[in-house]
Amino acid sequence: MLVTGEVRVGGPPPDPPESSLAATAELVFDDFYHAHFRSLVVQLTAYTGDRGQAQDLVQEAFCRAYANWGRLARYDDPLAWVRRVAWNLGHNRWRRLRTAQAWLLRQRETHVAEPSPDRVALDTALAKLPPKQRRAVVLHYLADLTVAEIAAQERVAEGTVKSWLHRGRAALATHLRDTTEEVRDV
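Read on for an overview of the structure. Bear in mind the structure is a predicted one, so any value in this text is a computation, not a measurement.

**Remarks on the packing of helix α2 (residues 51-67) against helix α4 (residues 78-107)**
So, step 1. Two elements in contact, α2 and α4, have axes separated by 8 Å at closest approach and are oriented at 130°. Comparing the axis directions of α2 and α4 gives the class oblique. Like other packed secondary-structure pairs, α2 and α4 cross with a definite hand, here right-handed. Only Trp81, Val82, Val85, Ala86, Leu89, Gly90, Arg93 and Leu97 of α4 make contact with α2, whose side of the interface consists of Gln53, Asp56, Leu57, Val58, Glu60, Ala61, Phe62, Arg64 and Ala65.

Right under this line is the structure:
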């Protein structure tokens, strides 16, 4: 085999440099990240009630996805993996921070700008739903997931998801109707 400069004559083509393979994988991950970050933040914001926390959770989920991107890129639906990780992180963070937040709230009074009455009514109604119904409602109406996709993510039958959605909608309607009647009575 004769080698002249960078060109090999009479032999196999050179292997691509490691950096070009990494750059291709990063571009694919970057596209995936930019395509799905915002929608996941919206979902987690509705579930947690805190946009900053939702952004942190989604960012952490994407960091974990990036660390395992070689494996995840071959999945049929890597977004489902990232979403599941983000929801699990949210649940775990809530459990860890529950005691700390209760302690902090007892220590000082907080003053924040007043949200709109509709927002308060909706947040209150969502908070009254059981967690599984709330998660199903948020995933179906904010994440635009189908019943089958929610069932696959939650590892339950589609009928169970339909039941959660039905009960969640009925409870929301009742809570929101009660709220508007209380406002009219005042």
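**Let's talk about the packing of aromatic side chains**
So, step 1. Following the criterion strictly, the structure yields 11 aromatic pairs and no others.
So, step 2. Here Phe29 and Trp69 contribute two aromatic rings whose centre-to-centre distance is 5.1 Å and whose plane-to-plane angle is 75°, an arrangement assigned as edge-to-face. Of this pair, Phe29 sits in helix α1 (residues 18-48) while Trp69 sits in helix α3 (residues 69-72), and the two are 40 residues apart along the sequence. There is no split in this pair, since Phe29 and Trp69 are both buried.
So, step 3. Pairwise contacts between aromatic rings join Phe29, Phe32, Tyr33, Phe37, Phe62, Tyr66 and Trp69 into one cluster.

**Considering the nonpolar core**
So, step 1. Counting residues in hydrophobic clusters, the biggest one holds 38 residues, and the most contacted among them are Phe29, Phe32, Leu44, Val58, Phe62 and Val82.
So, step 2. When residues of this core are traced back to their parent elements, those giving at least two are α1, α2, α3, α4, α5 (117-128), α6 (131-141), α7 (147-154) and α8 (158-185).
So, step 3. Of the residues forming this core, the biggest block, 8 residues, is contributed by α1.

**Quick look at α5**
So, step 1. Between the first and last C-alpha of α5 there are 17 Å, a value that for 12 residues agrees with the 16 Å anticipated at 1.5 Å per step.
So, step 2. By the burial criterion, the buried members of α5 are Ala121, Ala125 and Leu126. For α5, the angular spread of the buried residues around the axis is 125°, confining them to a single face.

**Points about the pattern of salt bridges**
So, step 1. Inspection of every chain in the model, using the stated rule, returns 4 salt bridges.
So, step 2. Here Arg84 makes a salt bridge to Glu154, at a shortest N to O gap of 3.2 Å. On the criterion of sequence distance, the pair formed by Arg84 in helix α4 and Glu154 in helix α7 is long-range, its members being 70 residues apart.
So, step 3. Accessibility expressed as a relative area gives 21% for Arg84, which makes it partly exposed.
So, step 4. Through salt bridges with shared partners, a single ionic network connects Arg84, Arg135 and Glu154.

Cut-off values and rules
Residues numbered from 1 in each chain as written. Predicted model: local features only at pLDDT ≥ 70, side-chain atom pairs only at ≥ 80, totals over all residues. Heavy atoms only, no water. Axes fitted to C-alpha atoms, helices over the stretch in contact; angles between N-to-C directions. Helix = DSSP H or I, 4+ residues; strand = E, 2+ residues; numbered from the N terminus. Parallel < 35°, antiparallel > 145°, perpendicular 65-115°, else oblique. Left-handed = near helix turned anticlockwise from the far one by under 90°. Contact = heavy atoms within 4.5 Å. Phe/Tyr/Trp six-rings, centres within 6.5 Å; stacked < 30°, edge-to-face > 60°. Buried < 20%, exposed > 50% of the residue type's maximum accessible area, 1.4 Å probe, protein only. Core = buried A, V, L, I, M, F, W, Y, C linked by side-chain atoms within 4.5 Å. Expected span 1.5 Å × (residues − 1). Arc of directions from axis to C-beta. Salt bridge = Lys/Arg side-chain N within 4 Å of Asp/Glu carboxyl O.

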